[in-house]
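Inside the fold
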Amino acid sequence: ARNLKRRLTSFKVVKVMEGSEPEEMQTLMGDKSLYLSLLKIPDPVSYTPRLFHLSSSSGWFVASEEIHMSKPDSEDTPDAFPFIQENIYDAVQPTLFLLDAHCDIYVWMGWWPQQKNKLLQEKNAFSGTAQSHWARDKKLALQTALNYAEACKRSTRPKVYVVNAGTEPIEFTNLFPSWNENKDVQDIVSKGTSCQPIRIPAEKELAKYTRKTYTVEELRKRPEEVDQKCLETYLSDKDFVALFKMSRDEFSKLLSWKKVNMKKQVDLF
């Protein structure tokens, strides 16, 4: 303790601007990827992030802005960290949020909570209707975020990204005053595999939900973005005839029970 006190009495404070750190300071700081630099942000950091909850629980797809309790008295006073991780993680899952960080806009996608009861877990995981609703809401969230970015009157159009619960990248987590990794959510999302933090361009993600045609092999894997009740509608005309030995028009005239049996035979039900 005496040695520590003696050492602390002979130090000086040196102000160093980011990007101009001397070599010895860079060595002490270690891995720069552990923090997010603001040097490349085109606009001054003088804004308060905004958070919107996106939901269709009311029957309409609605974006409701979350009001933070620490809102400054003056709108001219920015608040860098108005929200905490619990704002999105404590919401009823699965759900969606839009986070406006001025230069970047994020669509945060939640997770399907696991049921302790095995029967309920299977019902929750494989419900075609629920999965279709979730896929539809994701598509609407992406379209909403892209339209929001287009309507923003800023010097540079914000980039829109998708981040998934459990795999949030540092660019997203640094928008909160603190962040704790949730191992339970990571296990649900990864399903036992290794998942790296990533942010996906919204345009690329939206392309999945606007795709019209899939191969038979792809549809048999039950991609979440397709309507599970009518997988056959995503086949090309050529694949449809090859699989069912009839045209779409002929198939549409069959009785419902016969359509179901035919789809079961080719593993598309």
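Residues numbered from 1 in each chain as written. Predicted model: local features only at pLDDT ≥ 70, side-chain atom pairs only at ≥ 80, totals over all residues. Heavy atoms only, no water.

A few words on the pattern of salt bridges. Between side chains of opposite charge, pairing is possible as soon as their charged atoms come close. This model, assessed by the stated rule, comprises 13 salt bridges. A salt bridge links R211 to E218; its shortest N-O distance comes to 2.7 Å. You can call R211 partly exposed: its relative accessible area is 37%. With relative accessibility at 29%, the residue E218 sits in the partly exposed group. (Salt bridge = Lys/Arg side-chain N within 4 Å of Asp/Glu carboxyl O. Buried < 20%, exposed > 50% of the residue type's maximum accessible area, 1.4 Å probe, protein only.)

Moving on, we come to the nonpolar core. Counting residues in hydrophobic clusters, the biggest one holds 22 residues, and the most contacted among them are L98, I105, L142, V160 and V162. Ranked by residue count, the leading element in this core is helix α5 (residues 128-151), at eight residues. Not counting residues up to four positions away in its chain, the partners in contact with L98 are R50, L51, F52, L54, I105, Y106, A145 and Y148. (Core = buried A, V, L, I, M, F, W, Y, C linked by side-chain atoms within 4.5 Å. Helix = DSSP H or I, 4+ residues; strand = E, 2+ residues; numbered from the N terminus. Contact = heavy atoms within 4.5 Å.)

With that settled, consider the packing of aromatic side chains. Taken as a whole and judged by the stated rule, the model has 15 aromatic pairs. Ring geometry for Y89 and W179: centres 5.7 Å apart, planes at 85°, overall edge-to-face. Here Y89 is found in helix α3 (residues 86-89), whereas its partner W179 is found in the loop between α6 (170-173) and α7 (183-190), with 90 residues between them in sequence. With respect to class, Y89 is no different from W179; both count as buried. Here F97 and W108 contribute two aromatic rings whose centre-to-centre distance is 6.1 Å and whose plane-to-plane angle is 55°, an arrangement assigned as tilted. Here the residue F97 occupies a position in strand β3 (residues 96-100), and W108 occupies one in strand β4 (residues 104-109), the gap between them amounting to eleven residues. You'll find F97 and W108 in the same group, each marked buried. Here the aromatic residues Y89, F97, Y106, W108, W111, Y161, F172, F176 and W179 are joined through ring pairs into a cluster of three or more. In this structure, R199 packs its charged tip against the face of Y161, placed 4.0 Å from the ring centre. (Phe/Tyr/Trp six-rings, centres within 6.5 Å; stacked < 30°, edge-to-face > 60°. Lys NZ or Arg CZ within 6 Å of the ring centre and 35° of its normal.)

This part covers the confidence of the model for the protein chain. Across the protein chain, the average pLDDT comes to 85, with 81% of residues at or above 70. At the low end of the mean pLDDT range in the protein chain sits helix α4 (residues 118-126), at 48; at the high end sits β3, at 98. (pLDDT = per-residue confidence, 0-100.)

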